[in-house]
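Letter by letter, the chains look like this.
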Amino acid sequence: MNPYVLMILLSSLGLGTTLTFASSHWLLAWMGLEINTLAIVPLMAQHHHPRAVEATTKYFLTQATAAALILFASMTNAWITGEWDMNSMSNPIASTMIMIALALKIGLAPMHFWMPEVLQGLDLLTGLILSTWQKLAPLALIIQTAQAIDPLLLTTLGVASTLVGGWGGLNQTQLRKILAYSSIAHMGWMIIILQYAPQLTLIALGTYIFMTSAAFLTLKSTSATKINTLAMTWSHSPTLTATAALVLLSLGGLPPLTGFMPKWLILQELAKQDLPLTATVMALAALLSLYFYLRLCYAMTLTISPNMTNSTAPWRTRSTQGSLPLAISTTLALGLLPVTPAILMLAT
């Protein structure tokens, strides 16, 4: 892609998200979401491949549906209350419609069906943008309007997303689909705690972005898209394979890695709010996700592909990818647990 075109598209992505962050008016927020969608569509379709074009079409249709629903709900609210302001969502029907539309935007269950299919058709870097940056604007709107939304709806979306994210990833062999289901499960963790402690949603979002970035950049570096190819990575880059396995365990939420922090804090807060059943279901759903991360780790570190030598390659091709983003995201994905008190203090 032409670097000038790429710069314009990435700037538009930033502009759309910033517009939504800064707005308190529904029309401006909707405009930001639309700019965001239109900026990522050419990035998704840049490889003129039928899978990429299909994924782009599916993504555009779902995002356009969600944007239309947001516009309809905000107009309904403005019609009834005379206010376009986000903080005056007094009509329950309008606020429920907006929550459903935003859930469709970020791929919460049961509005998640587009997410694995779309991610599977994209290259890894565009998939990374879709899994991290594209979640920010809708989540900001959900956080701003959370107090007006029915708590039962938030709890249902959160629990359903963690369960679907766990179950859906169990039978997958494609890494991008596994990461899509991982994304759905993590979104569920963020939504479940939103009504009780919004700062924990932000902490969970931050750790999710670090861990997902590390996972996608590792796969990009090793050019792996299927579980089978993971078994052949260690002979090319043993160190990267070891850190990748740790990043996957961090995504699963095992101590003493960063991924344990948001799960621990969220379960603790749910127990404080006298919701032991919800906390138990969430913890069991996390075990489902952990199973498929362990499967990837097993394929990566404990199996040897039959069609290669059992020793590390004497020569290695130089990677053209910059290693600094990968190093930073991996470090953050593995080592933030000891600074949990400082992160909590900053977030509150």
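This is a predicted model, so every value here is computed, not measured.

Cut-offs used in this document
- Residues numbered from 1 in each chain as written.
- Predicted model: local features only at pLDDT ≥ 70, side-chain atom pairs only at ≥ 80, totals over all residues.
- Heavy atoms only, no water.
- Helix = DSSP H or I, 4+ residues; strand = E, 2+ residues; numbered from the N terminus.
- Rg over C-alpha atoms; globule rule 2.2 N^0.38 Å.
- Buried < 20%, exposed > 50% of the residue type's maximum accessible area, 1.4 Å probe, protein only.
- Areas by Shrake-Rupley, 256 points an atom, 1.4 Å probe, with all protein chains shown as cover.
- Core = buried A, V, L, I, M, F, W, Y, C linked by side-chain atoms within 4.5 Å.
- Domains from an automatic or database assignment.
- Phe/Tyr/Trp six-rings, centres within 6.5 Å; stacked < 30°, edge-to-face > 60°.
- Lys NZ or Arg CZ within 6 Å of the ring centre and 35° of its normal.
- Contact = heavy atoms within 4.5 Å.

Colleague: Tell me about the overall build of the chain, and name the residues and values.
Modeller: Of the regular secondary structure elements, the chain holds 16 helices and zero strands. For 348 residues, the compact-globule estimate of 2.2 N^0.38 gives 20 Å, and the C-alpha radius of gyration of the chain, at 20 Å, lies within 12% of that figure. For the C-alpha atoms alone, the extent of the chain along its principal axes is close to 70 × 50 × 35 Å. Within the span of the chain, comprising 348 residues, buried residues form 52% of the whole. As displayed, the chain offers around 15,600 Å² of accessible surface, 70% of which is attributable to carbon and sulfur atoms.

Colleague: Go over the nonpolar core with me, naming the residues and quoting the values.
Modeller: Core analysis: the largest hydrophobic core is formed by 101 residues, its most contacted members being Trp 26, Met 99, Leu 108, Val 118, Leu 157, Ile 191 and Ile 266. When we break this core down by domain, the ones giving at least three residues each are domain 1 (1–148) and domain 2 (150–306 + 323–347).

Colleague: How would you explain the packing of aromatic side chains if you had to name every residue and give the values?
Modeller: By convention here, two paired aromatic rings are described through the distance between centres and the angle between planes. This structure, assessed with the given rule, holds three aromatic pairs. For Lys 263, the ring lying beneath its charged end belongs to Trp 189, and the centroid distance is 5.3 Å.

Colleague: I'd love a proper account of unusual backbone geometry, names of residues and values included.
Modeller: Residue Pro 110 is bonded to the preceding Ala 109 through a cis peptide linkage, with omega at 0°. Structurally, Pro 110 is set in the loop between helix H4 (92–106) and helix H5 (114–120). With an omega dihedral of 5°, the bond running from Pro 255 to Pro 256 counts as a cis peptide bond. In this structure, Ser 223 takes a positive phi of about 55° despite not being glycine. Locating Ser 223 in the fold gives a position in the loop between helix H10 (198–222) and helix H11 (227–230).

Colleague: Mind laying out the side chain of Gln 63, listing which residues take part and the relevant values?
Modeller: Note that Gln 63 resides in helix H3 (residues 50–81). By relative accessible area, Gln 63 is classed as buried at 2%. Filtering out sequence-adjacent residues up to four positions away, Gln 63 remains in contact with Thr 37, Leu 104, Lys 105 and Trp 114.

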